[in-house]
Amino acid sequence: MTEQMQRMVLASRPTGEPQDENFRLETTDLPEIGDGEVLVRTHYMSLDPYMRGRMDDAKSYSAAVQIGETMGGGAVGEVIASNHDQFAPGDFALGMFGWATHGKAKGHEIQKLDPSVAPITTALGVMGMPGFTGWYGLTELGKPKAGETLVVGAATGPVGSMVGQIAKTKGLRTVGIAGGAEKCRIATDIYGFDACIDHRAFDTASALRKAVAEQCPDGIDVYFENVGGKVLDAVLPLINQGGRVPLCGMIAWYNAGGLGADAAMDSLTGPRLWRTILVNQLSVNGFIISNHYDRYGDFLRDVGPKLAAGQIAYAEDIAEGLENAPAAFRSLLRGGNTGKQLVKLI
């Protein structure tokens, strides 16, 4: 067993899009494990949009990564040492091991995986936090009803694709919004959306709004919010009275910096936003999925059999090497990924 590991730390806080100099790859000794702890050799680590917010020194729902601290995030790998009676070397586990080749954790803080049931990567995507986010946000906050119309941005991402597929099983018309003609093709051909609109084909929110309106002749009943920006500007006026908006993310604004940064406010004014919500009596529910893991078992029981039966499709975009994580992360924030963004370490 190697006695050293590598980790990617936050070297400085970014202004706008993260750059290479905001990260630093370090080699350090393997951590020693204490009572009840396990040591894991990471095979795959997850890259997720929320990580950009943690790079800012700003108030949010999770603590900021400190300068010199390992970038946080979920990962899956093989147990190589254990002081916990439920884990043995050779087991596979999911945990918050961060951007690193190895990680340690308390046994009760990680989840054992069975590679014979599903590839371990699915614990980071379709059957993990992103898939659960889409399922929970739609079913619990979107309150979908057969015959309604759903719109979701980032439609081919791991959250949006789950939202669209679950909505389709419930009898909704599903309209995706994605970046690029190829992603729109994937949305309709692979994930079964009734239609998908390429937001990059429209220079303004008003032009995009016309295209969305053509695909939603009865208006929009559920808008699953992943992106903010021009897409929100386009969709908001089309939501029907009593519509529901599960608010999951705002990736178009993440590189603007901390919450409330001026650049994030240019395209949408408070009075216009609030008046639309008031007049149309919309239900807008922001949610943080880590607060709802009491429902994770329900998600697994519902979606697991559908995945096994081939009724739920998913895609993974895999970069290789810890040193390439910053570039893959930048691409993710630009919408350059197709499917769940992972980094393969072994």
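For the structure itself, consult the block above.
Residues numbered from 1 in each chain as written. Predicted model: local features only at pLDDT ≥ 70, side-chain atom pairs only at ≥ 80, totals over all residues. Heavy atoms only, no water.

Chemist: Requested: an account of the packing of aromatic side chains, with residues and values cited.
Modeler: One pass over the full model with this rule turns up 12 aromatic pairs. For the ring pair Phe132 and Tyr296, a centre distance of 5.3 Å and an interplane angle of 75 degrees mean the geometry is edge-to-face. Here Tyr296 lies in helix α8 (residues 296-308) and Phe132 lies in helix α2 (residues 129-142), a separation of 164 residues in the sequence. Among the residues examined, Tyr296 registers a relative accessible area of 12% and is labelled buried. Look at Tyr296 and Phe299: their rings are 5.8 Å apart centre to centre, the planes differ by 35 degrees, and that puts the pair in the tilted class. (Phe/Tyr/Trp six-rings, centres within 6.5 Å; stacked < 30°, edge-to-face > 60°. Helix = DSSP H or I, 4+ residues; strand = E, 2+ residues; numbered from the N terminus. Buried < 20%, exposed > 50% of the residue type's maximum accessible area, 1.4 Å probe, protein only.)

Chemist: A description of the nonpolar core should follow, citing residues and the corresponding values.
Modeler: Counting 32 residues, the largest nonpolar core has Trp135, Leu150, Met162, Phe299 and Val303 as its most contacted members. Counting only elements with at least two residues in this core, the list comes to α2, β8 (149-153), α3 (158-169), α4 (181-189), β11 (220-224) and α8. Aside from chain neighbours lying at most four places away, what touches Leu150 is Leu138, Val163, Gly164, Ala167, Leu172, Arg173, Thr174, Val175 and Val222. Grouped together as the second largest cluster of nonpolar side chains are 28 residues, Met71, Phe87, Ala93 and Val343 included. (Core = buried A, V, L, I, M, F, W, Y, C linked by side-chain atoms within 4.5 Å. Contact = heavy atoms within 4.5 Å.)

Chemist: Talk me through the side chain of Lys340; I want residue IDs and the actual numbers.
Modeler: The topology assignment puts Lys340 in strand β15 (residues 340-344). Setting aside residues up to four positions removed in sequence, Lys340 forms contacts with Ser46, Leu47, Asp48, Leu124, Gly125, Pro130, Pro158, Ala315, Glu316 and Asp317.

Chemist: Explain the pattern of salt bridges residue by residue, including any values.
Modeler: For the structure on display, the rule yields 16 salt bridges. Through salt bridges that share partners, Glu140, Arg295, Asp298 and Arg301 make up one connected network. (Salt bridge = Lys/Arg side-chain N within 4 Å of Asp/Glu carboxyl O.)

Chemist: How would you sum up the environment of His292? Please name residues and give values.
Modeler: Here His292 shows up in the loop between β13 (283-286) and α8. For the pair His292 and Thr133, spaced 159 residues apart in sequence, the C-alpha separation works out to 9.2 Å. In this structure His292 touches Phe132, Tyr136 and Phe287, once residues within four positions along its chain are discounted. Side-chain polar atoms of His292 contact the side chain of Tyr136, separated by 3.0 Å. (Polar contact = N/O pair within 3.5 Å; in protein donor to acceptor, adjacent residues only side chain to side chain.)

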